[in-house]
Amino acid sequence: LHSISKSITSSETPLKEKYARSILSKHEGGATTFWSFIINLPLSSNAIISWKFCYMLHKVLRDGHHNVSHPIHVPHTGNLHDRYGHIVSLSAKFLSLKMEFHVKHKVIPGNLEATDETVEREAGTDVNKIFDMTHELLDYLDAALTMSETVWRQLDANAGKSTTPAGQCRLGPLIPVILDCSWLYHFSVKLLFKLHSCVSADSLLGHRERFRDLFNSLTKLFDRARETEFFKKFIQIPDLPDSPPNFLRASALAEYERPVVVMPNEEPYEEVDAAPQNDCEIITVSGLPLVSLRRSPSPALTEAEALRKELEIIKPELQLLKTEAQRCVTQLKSQVNRLEAELEDQRTHKQMALVDNEHLRMEVGALRQATASLTGVQAGYQEADAELRFSQLKERHAELVTSHADLLKKNAETVRFLSSTQQNQQELAMAKQQLASEVDHLRQANRLKRVEIDRLKRELEQSRAEVSRANNALQNKEMVGTCLALMGLQIEKEGLLRSVREKDAELSSLWQQAQLQRSSLEQDNDRTSREMASLRQQLQQRASREGELTRKLQEEQFCLLQCAVVEAEGIILDAVSKLDDPIHVRCTCSPDYLVNRAEFTLGSLDKMQQSHMVYLGNMDDASGLLRAVTQFSHLASDTIVNGGATAHSAPTDQADRLTDSCREASTHCLQFLHELKSRATLHRADPTTIRYVMRRILTMGQDLRFQGQDVLKEELGEMVDKEMTATSTAIEEAVLRMDILNQARRDMSGVKLEVNQSILGSCSDLMKAIHMLVTAATDLQKDIVESGRGAASVKEFYAKNSCWTEGLISASKSVGWGATQMLDSADKVVTSGGKYEELIVCSHEIAASTAQLVAASKVKADRNSKKLSTLQQASRHVNDMAAIVVTSTNHGQRQITERVPTQEQLFSLIEVAKRVIETRP
């Protein structure tokens, strides 16, 4: 009754799982008690109670005793018309179908967790029985899905949420419904496959159509529940396949997998308290009024009142328990007395039987002696008679022994019970004695303490008397000397008094003078203090006015800056939009003009960075930054637009790279401008990335300008040979200089020597690998020209393949420049004037340049050429040597940094990379 009144309430809150578990624990042999209490709930008048009752009944059917579903009857829920009425009606229909199904198929438990063999054995081999059971499963699943869809539809119509108590009250009953649906879906699939193996497919078209509709509804239910926060915390819902199983294909059964819904063992959800109320509700269960207190504004009073109510409820139960216990004790005592009386009677009977037995033995002995002289016949007759009587006595004795043994058993039980009772009484007596002894000890200790206190008091009185006597004697001895001393002191006192009076007169005159001076000083101090306070107040007012004006000025300046930045963002966004504008596709631009715009943009970027630093130092004046932002936005947008126009007339690969660079530049520009708009990120705004992208656009424009020049056929061929020869010569010189540099720096000592030797050695190996690569590329290039020119000359071949020739020239230049830059960086590092990051960046640049050179050579080469294989092997060797340079440089930098930290640590790898790129031709 208590659990039902606590769980099935009229408040729109979720069912309390603690009391629900208590109800489930009371169904060891069935649900008779549950039904007898539930029948008196106001189900016909309160829809919320009916909804919670249906939820509780569903949990009982799933997790209770297997006999719960025997009474195939759901109490009448009345003609409910409120917001819960419809879903209560659908839930009652669903539960009725559930109980009917499980009463008919008892081998399938209420939670539907049965094996496939059990279901197939229940369905049997008769087609009609399989047909009927399939219909029952589909009706079962249809009722569950209809109720679920109605709950979701009402929740959406009322704009409910799953995080509120009202939403959880509606959605809570769907948890066991989802668990049932997964099993019903699985059983339906199994039986439909079994039906299709026995019946023609045409006759089962309706079944397939109905199952498809149920599959779609179940998919919607699972998807909606999986996306709802309420279900995520305590139930794991699987994904259903995109389409239902194909029952027309028997092999589809092997591909089918059962959807497993997993529910943890913890409580399905956290209970949310309802809104505070000051009233209470009375629920009548089995004719007994149970008061269910709601939440009041004062938690302490509510808890106290609830405890008092529970105490009042428990008191009669405790009294009944005490009365019952006393009655049991009385009955046990009477039973013990009765058993003791029976035991005494049995003992008496036993003694009497023993006496009778002894008399009989004596009589038998006498008879034997008396008839010993008689004839054999007479003796035999009498002996037979005596033996008969003896056997009767022996049977009587056995009966007495048996009854005596029974009485002894009863006596032993009684004795054990009495002994336990006596033992308890003895323990109580011992405890009382122990307490009494402890009380006696305490009383004795108190008496001893009182005696000790009295003794100490007497000793104190004696000490005081002795001190008093000593003081009196001392006073008598000192009295004479004291009188003489007093006379001398009196004379001295009079002289001192005269001098004191004189001093007092002198002090009084001095004090009057001091008072006059003090009063004048106080007046001066007051006047000065007033003047200082007035000046201080004026100064504070002026300072606050100046601070306010400064703040307003800074706010106005920052607002102007924000307006300028917003305008600049609009200009950049307008330029970006033109890149995707179909009308802009017709626009073209020369690489010369793009280079001009990019150079001006880089110049304005430097001015804007300087203005930004000035503004951070003095935020009262933002005019310089305003002009710089405005100028930069126009120039950057002009560069972006003209970059896109230039890309329209450029080759495809270069056009794509140029367009992507323009988009990247716009992204970095917008990010930089966005940081300028906020005070929090104003100091972090850095246009370095913009400068890097603009330099890339400038380089692309220069490359396009070079490609656009009209090069004569003879000049192009000569340029290839000249550039390859120059690259080879530059690399050879770099190798020689690297060896000389390595030998020249051996006079260093310590960690620096070890680090530099390692770095220079790896750089020297890299240079040699580059030299091998360039040599292989030159040989391969000659082989390509000889095999591909045919009857034409070498210069005509280069002129015919001008794009390939220009790519080869560009790659060769990049390799030569990378080698030279690596040599310069190594020289700077050794002389303590360079950065280790420069070597790392140069290594990456060399790897990229060699890859470009290999790609340019590979375009025209024969795939089976041995020289191509040699070139690729040389390229891999260059990459390995570059990786070794990076590794040795990082290791050496860590060694030196750990021992001698320098300012070099402040420069990042990106900054050094930008510097190297800026110096790149």
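This structure is a prediction, so every number in the text was calculated from the model and none was measured.

Quick word on the overall build of the chain
Part 1 of the argument: Scanning the chain from terminus to terminus reveals 25 helices and 2 strands.
Part 2 of the argument: When burial is assessed residue by residue, the chain has 37% of its 921 residues classed as buried.
Part 3 of the argument: Of all intrachain contacts in the chain linking residues separated by at least 6 positions in sequence, the fraction that spans at least 24 positions is 79%.
Part 4 of the argument: If you sum the accessible surface of the chain, you get close to 54100 Å²; carbon and sulfur atoms cover 54% of it.

Some thoughts on the packing of aromatic side chains
Part 1 of the argument: This model, assessed by the stated rule, comprises 11 aromatic pairs.
Part 2 of the argument: Ring centres of F211 and F247 lie 5.3 Å apart, and the angle between their planes is 80 degrees; on these two criteria the pair is classed as edge-to-face. Here F211, found in helix α10 (residues 205-227), pairs with F247, found in the loop between α11 (229-232) and α12 (252-255); they are 36 residues apart in sequence, far enough to count as distant.
Part 3 of the argument: On the basis of relative accessible area, F211 is assigned to the buried category, the value being 1%.
Part 4 of the argument: Judged by its relative accessible area of 5%, F247 falls in the buried class.
Part 5 of the argument: Ring pairs connect the aromatic residues Y185, F193, F211, F215, F247 and Y256, which therefore count as one cluster.
Part 6 of the argument: Cation over ring: R170 sits above Y84, and NZ or CZ is 4.4 Å from the ring centre.
Part 7 of the argument: Against the face of F558 rests R679, its NZ or CZ located 4.4 Å from the ring centre.

Section: empty space enclosed by the protein
Part 1 of the argument: With the rule as written, the count across this model stands at 4 cavities of 30 Å³ or more.
Part 2 of the argument: A volume near 50 Å³ is recorded for the largest cavity.
Part 3 of the argument: Every residue along the wall of the largest cavity is listed here: W51, C54, Y55, H58, S91, F94, L95, M147, P173 and V177.
Part 4 of the argument: Mapped onto the lining of the largest cavity, the elements with two or more residues apiece are α4 (47-63) and α5 (85-104).
Part 5 of the argument: A total of 4 residues in the lining of the largest cavity trace back to one element, the largest contributor, which is α4.
Part 6 of the argument: Residue composition of the lining of the largest cavity, grouped by class: 8 nonpolar, 2 polar and no charged.

Regarding the nonpolar core
The nonpolar side chains of soluble globular proteins are, as a tendency, buried together.
Part 1 of the argument: Core analysis: the largest hydrophobic core is formed by 81 residues, its most contacted members being I178, F231 and I235.
Part 2 of the argument: Excluding its chain neighbours within four sequence positions, the residues that come into contact with F231 are W152, L171, L174, I175, I178 and A225.
Part 3 of the argument: By size, the runner-up hydrophobic cluster in this structure holds 50 residues, among which are V774, I809, L871 and A882.

Regarding unusual backbone geometry
Part 1 of the argument: Here L112, not a glycine, exhibits a phi torsion of approximately 65 degrees, which is positive.
Part 2 of the argument: Structurally, L112 can be placed in the loop between α5 and α6 (116-123).
Part 3 of the argument: With a phi close to 55 degrees, A159 is a non-glycine residue in the positive phi region.
Part 4 of the argument: Within the element layout of this structure, A159 appears in the loop between α7 (127-157) and α8 (165-171).

Regarding the UniProt feature "coiled-coil region" (unreviewed entry) in the chain
Part 1 of the argument: Mapped onto the present numbering, the UniProt feature "coiled-coil region" (unreviewed entry) falls on residues 322-349, 439-480 and 518-556.
Part 2 of the argument: Annotation note: span residues 518-556, helix share 100%, strand share 0%, distance between end C-alpha atoms 55 Å.

Observations regarding the pattern of salt bridges
Part 1 of the argument: Taken as a whole, this structure holds 21 salt bridges when the rule is applied.
Part 2 of the argument: E229 is paired through a salt bridge with K232; the nearest N and O atoms lie 3.9 Å apart. One end of the pair, E229, and the other, K232, are both in helix α11, 3 residues apart, so they sit about a helical turn from each other.
Part 3 of the argument: What makes E229 partly exposed here is its relative accessible area of 43%.
Part 4 of the argument: Exposure remark for K232: the relative accessible area of 48% places this residue in the partly exposed category.

Let's talk about the packing of helix α22 (residues 802-830) against helix α23 (residues 836-860)
Part 1 of the argument: Relative orientation of the contacting elements α22 and α23 amounts to 160 degrees, with a least axis distance of 8 Å. One element, α22, and the other, α23, form an angle in the roughly antiparallel class. Crossing geometry of α22 relative to α23 is assigned as left-handed.
Part 2 of the argument: Among the residues forming the contact of α22 with α23, the class breakdown is 16 nonpolar, 12 polar and 4 charged.

Comments concerning the environment of F34
Part 1 of the argument: Summarising the element assignment, F34 is placed in helix α3 (residues 32-38).
Part 2 of the argument: Between the C-alpha atoms of F34 and V60, which are 26 residues apart in sequence, the distance is 9.2 Å.

As for the packing of α4 against α5
Part 1 of the argument: Between α4 and α5, the least distance of the axes is 9 Å, while the angle of their chain directions is 25 degrees. One element, α4, and the other, α5, form an angle in the roughly parallel class. For the pair α4 and α5, the crossing hand works out as left-handed. Residue-level inspection shows A47, S50, W51, C54, L57, H58, L61 and R62 of α4 in contact with α5, the latter providing G85, I87, V88, S91, A92, F94, L95, K98 and M99.

Some remarks on the side chain of E569
Part 1 of the argument: Among the secondary structure elements, E569 is positioned in helix α14 (residues 376-579).
Part 2 of the argument: Looking at E569, the relative accessible area reads 14%, which means it is buried.
Part 3 of the argument: Look past the residues within four positions of E569 in its chain and what remains in contact with it is L670, L673, H674 and K677.

Some details on the confidence of the model for the chain
Part 1 of the argument: Summary statistics for the chain give a mean pLDDT of 77 and a share of 78% for residues scoring 70 or more.
Part 2 of the argument: At the level of individual helices and strands, the chain shows its lowest average pLDDT in strand β2 (residues 288-293), which scores 32, and its highest in helix α9 (residues 174-196), which scores 92.
Part 3 of the argument: Contacts of residues 266-300 to residues separated by more than four positions or lying in other chains number 82 contacts, the stretch itself having pLDDT below 50.
Part 4 of the argument: Within the model, the stretch residues 900-910 combines pLDDT values under 50 with 15 contacts to residues more than four positions away or in other chains.

Definitions and limits used
Residues numbered from 1 in each chain as written. Predicted model: local features only at pLDDT ≥ 70, side-chain atom pairs only at ≥ 80, totals over all residues. Heavy atoms only, no water. Helix = DSSP H or I, 4+ residues; strand = E, 2+ residues; numbered from the N terminus. Buried < 20%, exposed > 50% of the residue type's maximum accessible area, 1.4 Å probe, protein only. Contact = heavy atoms within 4.5 Å. Areas by Shrake-Rupley, 256 points an atom, 1.4 Å probe, with all protein chains shown as cover. Phe/Tyr/Trp six-rings, centres within 6.5 Å; stacked < 30°, edge-to-face > 60°. Lys NZ or Arg CZ within 6 Å of the ring centre and 35° of its normal. 1 Å grid on protein atoms, 1.4 Å probe; cavity = no way out; pocket = protein on both sides within 12 Å on 5 of 7 lines; lining within 4 Å. Points joined across faces, edges and corners; volume = space filled by probe spheres on them. Nonpolar A, V, L, I, M, F, W, Y, C, P; charged D, E, K, R; others polar. Core = buried A, V, L, I, M, F, W, Y, C linked by side-chain atoms within 4.5 Å. UniProt positions renumbered as here; feature names shortened; annotations may be inferred. Salt bridge = Lys/Arg side-chain N within 4 Å of Asp/Glu carboxyl O. Axes fitted to C-alpha atoms, helices over the stretch in contact; angles between N-to-C directions. Parallel < 35°, antiparallel > 145°, perpendicular 65-115°, else oblique. Left-handed = near helix turned anticlockwise from the far one by under 90°. pLDDT = per-residue confidence, 0-100.

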